[in-house]
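# Report on the structure
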Amino acid sequence: MLLNLQDVEIAYGRIKVLWGISLCVGEGEIVSLVGANGAGKSTLIKGIMGIVPLRKGCINFLGHDISKKHPWERAKMGIAYIPEGGRVFPDLTVEDNLKLIASLCKNELNVRKRLDMIYSLFPVLKERLTQKAGTLSGGERQMLAIGRALVSKPKLLLVDEVSMGLMPKLVSSVFETLKALKDSGISMLLTEQNVSEALAISDRGYVLENGRITLSGNSEELLENEQVKTSFLGI
Ligand code: ATP
């Protein structure tokens, strides 16, 4: 198993926001984490990246306990994080946003290959290399955020609300890109409020409610589930 969480609990100070979270992501899988605002999705993603500490429980990545590792150690092991809203450095150019991350990677030849792969995946980024990231459209910024996460050749992408603030047309194209990345062998854990789109590209999903997993299953089962239909699909 690529990622395995057991009985994870997270709190902000004295306020507990996640209880008894156990979930897994297999090699080559896309797994969705769905839930309403405030359910704890972003917190869980941050916990896996090491940005917020665990109060209890254990996170295994590729068979190693990473629960106490720093975020940069987790990144080095192959976990990349795309924060909510596709945050990039607005005052740096597209090229510098990518090269900033590339500069942390040791093998220059590999980095050049990765950048070429990213430009072929997102030709629009290549057209805008000298443009400041802050002047990109929402969709382009999201592509830059995804591109940046790919520079380090991750095994697992943690994707937090990638569709936030995007026009419906762009939402579909961002999800298609994620699907293409899965086909290239990258595994993903996605948080999404855009539940039908997310489950459509996912193998499995977990429903998070008030800090607890209340339902899990493969995507088809979840899309047919009455609770999911009423709570998230408006059916
Ligand atoms: P959304 O989709 O609205 O981003 P979410 O499911 O990602 O929601 P979280 O952002 O993880 O939910 O928030 C879970 C709970 O933790 C909320 O009650 C939120 O107010 C609280 N919370 C989040 N970040 C912090 C923080 N830094 N300090 C204190 N409480 C926080």
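Notes on the structure follow. (Residues numbered from 1 in each chain as written. Predicted model: local features only at pLDDT ≥ 70, side-chain atom pairs only at ≥ 80, totals over all residues. Heavy atoms only, no water.)

## Points about the overall build of the protein
Along the backbone of the protein there are 10 helices and 10 strands. Projected onto its principal axes, the C-alpha positions of the protein cover 45 × 40 × 30 Å. Counting every position in the protein, which comprises 235 residues, the buried fraction comes to 49%. Long-range contacts, defined here as pairs at least 24 residues apart, represent 66% of the contacts in the protein between residues at least 6 apart. Measuring between centres, the 29 positive side-chain charges of the protein sit 7 Å from its 26 negative side-chain charges. (Helix = DSSP H or I, 4+ residues; strand = E, 2+ residues; numbered from the N terminus. Buried < 20%, exposed > 50% of the residue type's maximum accessible area, 1.4 Å probe, protein only. Contact = heavy atoms within 4.5 Å. Lys, Arg positive; Asp, Glu negative; His and termini not counted. Charge placed at Lys NZ, Arg CZ, Asp CG, Glu CD.)

## A closer look at the layout of surface pockets
By volume, the largest pocket is sized at about 870 Å³. Lining the largest pocket we find 28 residues, and of these Ala75, Ile101, Leu104, Cys105 and Ser152 sit closest to its centre. Mapped onto the lining of the largest pocket, the elements with two or more residues apiece are helix 2 (71–77), strand 6 (79–82), helix 4 (108–121) and helix 6 (138–150). Here the lining of the largest pocket is composed, by residue class, of 17 nonpolar, 4 polar and 7 charged. What the second largest pocket holds in volume is close to 200 Å³. Around the second largest pocket sit 16 residues that line it, and Asn37, Gly38, Ala39, Gly40 and Lys41 are the ones nearest its centre. Those elements giving two or more residues to the lining of the second largest pocket turn out to be strand 2 (15–25) and helix 1 (41–49). Among the elements that make up the lining of the second largest pocket, the one with the highest residue count is helix 1 (3 residues). Considering only residue class, the lining of the second largest pocket consists of 5 nonpolar, 8 polar and 3 charged. (1 Å grid on protein atoms, 1.4 Å probe; cavity = no way out; pocket = protein on both sides within 12 Å on 5 of 7 lines; lining within 4 Å. Points joined across faces, edges and corners; volume = space filled by probe spheres on them. Nonpolar A, V, L, I, M, F, W, Y, C, P; charged D, E, K, R; others polar.)

## Topic: the environment of Val151
Among the structural elements, Val151 can be located in the loop between helix 6 and strand 7 (156–160). For the pair Val151 and Cys24, spaced 127 residues apart in sequence, the C-alpha to C-alpha distance is 24 Å.

## Description of the sheet that holds strand 8 (residues 187–192)
One open sheet holds the 6 strands; their spatial order is 6-7-8-3-9-10, and the pairing between them is mixed. Either end of the sheet is taken by a strand with one partner, and the two such strands are strand 6 and strand 10 (212–218). For this sheet the average axis-to-axis angle between neighbouring strands, irrespective of direction, equals 15°. Two strands pair when backbone bridges link them, and strand 3 (residues 30–34) and strand 8 are joined in this way by 5 bridges, in the parallel orientation. (Pairing = 2+ DSSP bridges. Axes fitted to C-alpha atoms, helices over the stretch in contact; angles between N-to-C directions.)

## Brief notes about the packing of helix 6 against helix 7 (residues 168–183)
Their axes nearest at 10 Å, the elements helix 6 and helix 7 cross at an angle of 15°. Classified by the angle their axes make, helix 6 and helix 7 are roughly parallel. You can see that helix 6 and helix 7 cross each other, and the crossing is right-handed. Residues Gly139, Gln142, Met143, Ile146 and Leu150 of helix 6 touch helix 7, and the partners they reach there are Leu170, Ser173, Val174, Leu178 and Leu181. Class assignment of the residues belonging to the contact of helix 6 with helix 7 gives a composition of 7 nonpolar, 3 polar and no charged. (Parallel < 35°, antiparallel > 145°, perpendicular 65-115°, else oblique. Left-handed = near helix turned anticlockwise from the far one by under 90°.)

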